[in-house]
Amino acid sequence: KVSGIILLSLSFGTKILVLPFIPIYFIFIYMLVKRKKEFFSLLFLFTLITIGIYVPFYLWDKTGFIEDLFIYPFAGGNASHPVVGIAIPQLLQTIGFISEKSNFPFHILQLCILGLWSLFSFFFMKKFENITTLCILSSLGFLLVLAFSRIVQTNYVAFVSQILVLAVCCKPPLHTIYEHA
């Protein structure tokens, strides 16, 4: 559990793209731990490591840090990523509904989708508490969030395929599947 939290916080501290995995992973950890105090200590460890990674960059250039981490990915228009890649925003741009520099708030749709997906994942993981379920739900949630991203690169999809391969390799014992049927 601790090593997974450390790896997740290092990942999130270096690549914000990991954000869609975090709620689902913490739902899994919440169900896995026996004492809620342990869950909150793991959450604290995640927060501490992530802040530890971000603080030096914030101290070095506060304005640049805030622009790079919050404004550029989420603002839209000239202050943000152009609409490029393979997803719903690109389809909307192709049919002329939005421009390449659109101010459309895709990040709000992404947060709503992630919230609903996390809620669904919570109830689903109650029934199937295993690493395979975690990998599959995380991958599908990531794809749902990516579907409304301003920028989608093919390596993001490759990342998802690697997680799904991991899910296949971590197949749970059959008795756990049949217990829930």
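Given the structure is predicted, the values throughout are model-derived calculations rather than measurements.

### Here we look at the nonpolar core
Among soluble globular proteins, nonpolar side chains are generally buried collectively. Formed by 31 residues in total, the largest nonpolar core has its most connected members in Ile 5, Leu 8, Phe 26, Ile 29, Phe 46 and Met 125. Of all the secondary-structure elements, those providing two or more residues to this core are helix 1 (2–14), helix 2 (21–32), helix 3 (36–60), helix 4 (62–74), helix 6 (106–127), helix 7 (131–146) and helix 8 (154–169). The element contributing the most residues to this core is helix 2, with 9 residues. With near-sequence residues (within four places) excluded, Leu 8 lies in contact with Val 18, Ile 22, Tyr 25, Phe 26 and Phe 46.

### Focus on the packing of aromatic side chains
How two aromatic rings sit relative to each other is set out by the distance from centre to centre and by the angle between their planes. Applying the stated criterion across every chain, the model contains 14 aromatic pairs. With a centroid separation of 6.1 Å and 85° between ring planes, the pair formed by Phe 26 and Phe 39 is classed as edge-to-face. Of this pair, Phe 26 sits in helix 2 while Phe 39 sits in helix 3, and the two are 13 residues apart along the sequence. Relative to Phe 65, the ring of Tyr 54 lies with its centre 5.7 Å away and its plane at 65°, an arrangement referred to as edge-to-face. With Tyr 54 in helix 3 and Phe 65 in helix 4, this pair connects stretches of sequence that are 11 residues apart. With relative accessibility at 14%, the residue Tyr 54 sits in the buried group. Of the aromatic side chains, those joined through ring pairs into one cluster are Phe 12, Tyr 25, Phe 26, Tyr 30, Phe 39, Phe 40, Phe 46, Tyr 54, Tyr 58 and Phe 65. Above the face of the Tyr 30 ring, Lys 36 is positioned so that its terminal group lies 4.1 Å from the ring centre.

Conventions we followed
Residues numbered from 1 in each chain as written. Predicted model: local features only at pLDDT ≥ 70, side-chain atom pairs only at ≥ 80, totals over all residues. Heavy atoms only, no water. Core = buried A, V, L, I, M, F, W, Y, C linked by side-chain atoms within 4.5 Å. Buried < 20%, exposed > 50% of the residue type's maximum accessible area, 1.4 Å probe, protein only. Helix = DSSP H or I, 4+ residues; strand = E, 2+ residues; numbered from the N terminus. Contact = heavy atoms within 4.5 Å. Phe/Tyr/Trp six-rings, centres within 6.5 Å; stacked < 30°, edge-to-face > 60°. Lys NZ or Arg CZ within 6 Å of the ring centre and 35° of its normal.

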